[in-house]
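# Structural description and commentary
This is what each chain is made of:
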Amino acid sequence: MQSVAQGEAGSLFLGSFLQCPVGWWSRGSQSVTGTLNHSCPGLKNQCCLPPALLLRAQEKPEFWRQQARAVLRLALDRKLNTNVAKNIVLFVGDGMGITTVTAARILKGQLQNRTGEETIMNMDTFPYVGLVKVYAVDFQIPDSAATATAYLCGVKANLNTVGLSAAGRNGACRSQKGNEVTSILKWAKDAGKSVGIVTTTRVQHATPAAAYAHSASRKWYCDTDMPAAAKAQGCRDIAAQLLSNTDIDVIIGGGRKYMTPKGTRDPEYPLDPSARGRRSDGRNLISEWQHTKGGKVARYVWNRTDFDAVDPATTDYLLALFEPGDLRYELERDLSMDPPLSDTTEKAIRILQKNPKGFFLLVEGGRIDQGHHASRASMALHETVELDNAVGRALELTGDGDTLTMVTADHSHSFTFNGFPFRGNSILGRRPSLRLDMMPYTTLMYGNGPGHKIVNNKRPDIRGVDTGDYIQQAAVPTESETHGGEDVAVLARGPMAHLFHGVQEQSYIPHALAFAACIGDDQSHCETTPPIPRSSAPTSPAAWLIAVLVPVLQNLLR
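Residues numbered from 1 in each chain as written. Predicted model: local features only at pLDDT ≥ 70, side-chain atom pairs only at ≥ 80, totals over all residues. Heavy atoms only, no water.

Labelled according to an unreviewed UniProt entry, the protein appears under the name Alkaline phosphatase, originating from Scleropages formosus. UniProt's Sequence similarities (unreviewed entry) comment on the protein is quoted here verbatim: "Belongs to the alkaline phosphatase family." Annotation of the protein in UniProt includes, under Subcellular location (unreviewed entry), the sentence "Cell membrane". (UniProt positions renumbered as here; feature names shortened; annotations may be inferred.)

Okay, here's the thing in structure tokens:
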């Protein structure tokens, strides 16, 4: 990765300093005004600026002052959007704490040959930002089941329970009855909207499960996973509830093996015993799903070819299960078999948005969390980058006038971003200087995890190690790295996005979303002021650059 100080050969973009193709600047106009009107090849008409001029501008206090004034002007000109939200798109980065967001922002820029730190992600353009407290009722640091129950059902819960109030006990089937709580997905469906779930994990995993299931254990994926006593007491597995609880229009993710009878060969991995069906009750839930959609166009697909052939204009229901369990990491995904999250998000929106009453869509970047648990920062960050790509795709397909879009996380991880690396240093790289033990260390580390490798009271010497795909070092040895308990961010744009502000309980989220959409118990927002045609917030990173930094550089670099 080239640093800012490397001169004209690695020239940078205006504002977010995105790097231009090597040598392109020399073929463009040499005047600053000409440069700002010149577009970079293949980069959607964003503007280029050579680093010498950029560095000269950044050395001037007025550069930063004018930039601040431009941003201030955008804030002062922003008008509250009090429309009723016809549509809601809720993006959840599982395990995407603020450190993960920052590191992924840098990685996204560096993947495009930039220095990275100044990159503007799609989620960075959201004008309203707040924090939410993630603790569970019984634990200081939560899991994904308790947090999903909070931000989808609007009540805080106990660890490992899904869709239950805190009166529900982990693993205790008898505690379920009477303590079920419904989610905003069901509230939206009851209001006549179309609803969907898109995830990179199995669709029975904790986050999506909280949208439709009620379970004393998040691990009861299918009936085989349940103790005999729980089944005798009438509790049902999560996969079965996927079909019976709420009529979900679009379901996209993994989890085929929880839907088919024990021993059923997987269509993609027929020789792999671990991929075979796991149900003990003999039910084929995929076939049952298809049979319940009589009179409707319902498509079940398990590979990219069939998925790409699904026509949103003529499809009423879609069940897409691309893996027996969780989907593959973004870096390991078979492009010919499994589409990326941005593509599955687009397909879901195009199917759901046909409903004149609108839709609710939950999109989860679920393997961010799993990358962190494995202490593989590269995997977690690439998953986060793809989640941000999906956010951008959704913004292209919807509008702020009638669609409330939110990005948040369920919890964080023991993930740290440390040392004093130089500007532009690879986010997955090493801190170049030596420490007290005379050995380098990576910029990214974990507080605990499988990366704890102290031998003879010494850390491993990583000077010859490729840290691009690497198990980061950890302070405390654990088999799996753990969650973190600090607040996570909530970013919002669209109708009533200003409701997401300050520091709130995580359970506040679905109540505010429902109020904005005029669904659920509080219907007081149904009578609104006349619609606002568009948001005053920049709609993309490029729009933000043009609104804020083009005028600044034009003034400074004359």
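A few words on the overall build of the protein. The secondary structure content of the protein amounts to 17 helices and 19 strands. Per-residue burial for the protein yields a buried fraction of 58% across its 558 residues. Counting contacts in the protein only where the partners sit at least 6 residues apart, residues at least 24 apart contribute 72% of the total. In the structure as shown, the protein presents an accessible area of about 22,100 Å², 54% of it carried by carbon and sulfur atoms. (Helix = DSSP H or I, 4+ residues; strand = E, 2+ residues; numbered from the N terminus. Buried < 20%, exposed > 50% of the residue type's maximum accessible area, 1.4 Å probe, protein only. Contact = heavy atoms within 4.5 Å. Areas by Shrake-Rupley, 256 points an atom, 1.4 Å probe, with all protein chains shown as cover.)

Let us look at the UniProt feature "binding site: Mg(2+)" (unreviewed entry) in the protein. Listed under "binding site: Mg(2+)" (unreviewed entry) in the UniProt record, and renumbered for this structure, are D94, H205, T207 and E364. Despite a sequence span of 271 residues, these residues sit close together in the fold, their greatest C-alpha distance being 11.2 Å. Assignment of secondary structure puts H205 in the loop between β5 (194-202) and α8 (206-212). With residues up to four places along the chain from it excluded, the contact list for H205 reads R218, Y221, D326 and Q370. By the secondary structure assignment, E364 is in strand β9 (residues 359-365).

In this section: the UniProt feature "active site" (unreviewed entry) in the protein. Using the residue numbers shown here, the UniProt feature "active site" (unreviewed entry) corresponds to S144. Within the fold, S144 resides in helix α6 (residues 144-153). Every residue in contact with S144, bar those within four places of it in the chain, is listed here: D94, A206, T207, R218, D410, H411 and H483.

Another aspect to go through is the environment of W220. Turning to its location among the elements, W220 is positioned in the loop between α8 and α9 (228-232). Considered as a pair, W220 and A239 are 19 residues apart in the sequence and their alpha carbons are 8.4 Å apart. Apart from the residues within four sequence positions on either side, W220 is in contact with G171, C173, Q176, S215, D225, M226, P227, A230, C235, D237 and I238.

Inspection of the secondary structure assignment puts T398 in the loop between α15 (377-397) and β10 (403-409). There is a polar contact of 2.8 Å between the side chain of T398 and the backbone oxygen of A394. Those residues in contact with T398, other than ones at most four positions away along the chain, are I349, F359 and T403. (Polar contact = N/O pair within 3.5 Å; in protein donor to acceptor, adjacent residues only side chain to side chain.)

Attention now goes to unusual backbone geometry. The phi dihedral of N113 falls on the positive side, at around 65°, and the residue is not glycine. Tracing the sequence through the fold places N113 in the loop between α5 (98-111) and β4 (128-133). Residue M496 is not a glycine yet carries a positive backbone phi of 65°. The topology assignment puts M496 in the loop between β18 (488-493) and β19 (503-505).

A few words on the nonpolar core. In summary, soluble globular proteins display a tendency toward joint burial of nonpolar side chains. Counting residues in hydrophobic clusters, the biggest one holds 98 residues, and the most contacted among them are L152 and F360. Beyond its immediate sequence surroundings of up to four residues, F360 is in contact with I88, L90, L152, I184, L185, A188, S194, V195, G196 and L352. Judged by nonpolar contacts, the second largest core, of 13 residues, contains A103, F415, L428 and A474. (Core = buried A, V, L, I, M, F, W, Y, C linked by side-chain atoms within 4.5 Å.)

Following the criterion strictly, the structure yields 5 cavities of 30 Å³ or more and no others. Estimates place the volume of the largest cavity at around 90 Å³. What lines the largest cavity is T200, L327, R328, Y329, E330, R333, P339, P340, L341, G365, E383 and E386. When the residues that make up the lining of the largest cavity are grouped by side-chain class, the tally is 5 nonpolar, 2 polar and 5 charged. (1 Å grid on protein atoms, 1.4 Å probe; cavity = no way out; pocket = protein on both sides within 12 Å on 5 of 7 lines; lining within 4 Å. Points joined across faces, edges and corners; volume = space filled by probe spheres on them. Nonpolar A, V, L, I, M, F, W, Y, C, P; charged D, E, K, R; others polar.)

Time to look at the sheet that holds strand β12 (residues 415-417). Within the open sheet, the 3 strands sit side by side as β12-β15-β16. Their pairing is mixed. Two strands lie at the open edges of the sheet, namely β12 and β16 (474-477), each paired on one side alone. Each strand of the sheet is rotated relative to its neighbour by a mean of 20°, with strand direction disregarded. Bridge count between β12 and strand β15 (residues 444-449): 3 bridges; the pairing is antiparallel. (Pairing = 2+ DSSP bridges. Axes fitted to C-alpha atoms, helices over the stretch in contact; angles between N-to-C directions.)

Position of H373 relative to the elements: it lies in helix α14 (residues 367-373). One polar contact links H373 to S480, side chain to side chain, over a distance of 3.4 Å. When neighbours within four sequence positions are excluded, H373 is seen to be in contact with H413, P450, S480, E481, T482 and H483.

This paragraph deals with the environment of D311. In this structure, D311 sits in the loop between α12 (304-309) and β8 (317-321). Sequence separation between D311 and K347 is 36 residues, and the spatial gap between their C-alpha atoms is 8.7 Å. Polar side-chain contacts of D311 include one of 3.1 Å to the backbone nitrogen of A313.

Let's shift gears to helix α13 (residues 341-352). Counted at 1.5 Å a residue, the expected span for α13 with its 12 residues is 16 Å, and the 16 Å between its end C-alpha atoms agrees. In terms of burial, α13 is largely enclosed, as 10 of its 12 residues are buried. All of the buried residues in α13 are L341, S342, D343, T344, T345, K347, A348, I349, I351 and L352. (Expected span 1.5 Å × (residues − 1).)

Another aspect to go through is the confidence of the model for the protein. On average, residues of the protein carry a pLDDT of 87, and 84% of them reach 70 or more. Here residues 1-47 is modelled with pLDDT under 50, and outside its nearest four sequence neighbours on either side it reaches 117 contacts, counting other chains as well. (pLDDT = per-residue confidence, 0-100.)

What follows covers α5. Along an α-helix, residues three or four positions apart point the same way, because every turn accommodates 3.6 residues. Under the 1.5 Å per step criterion, the end-to-end length of α5 is 20 Å for 14 residues, consistent within 8% with the ideal 20 Å. Buried residues dominate α5, accounting for 10 of its 14 residues. Of all the residues in α5, the buried ones are T100, V101, A103, A104, R105, I106, L107, K108, G109 and Q110. Buried residues belonging to α5 abut α14, α15, β12 and β15. A positive backbone phi angle near 65° is found at N113, which sits one or two residues after α5.

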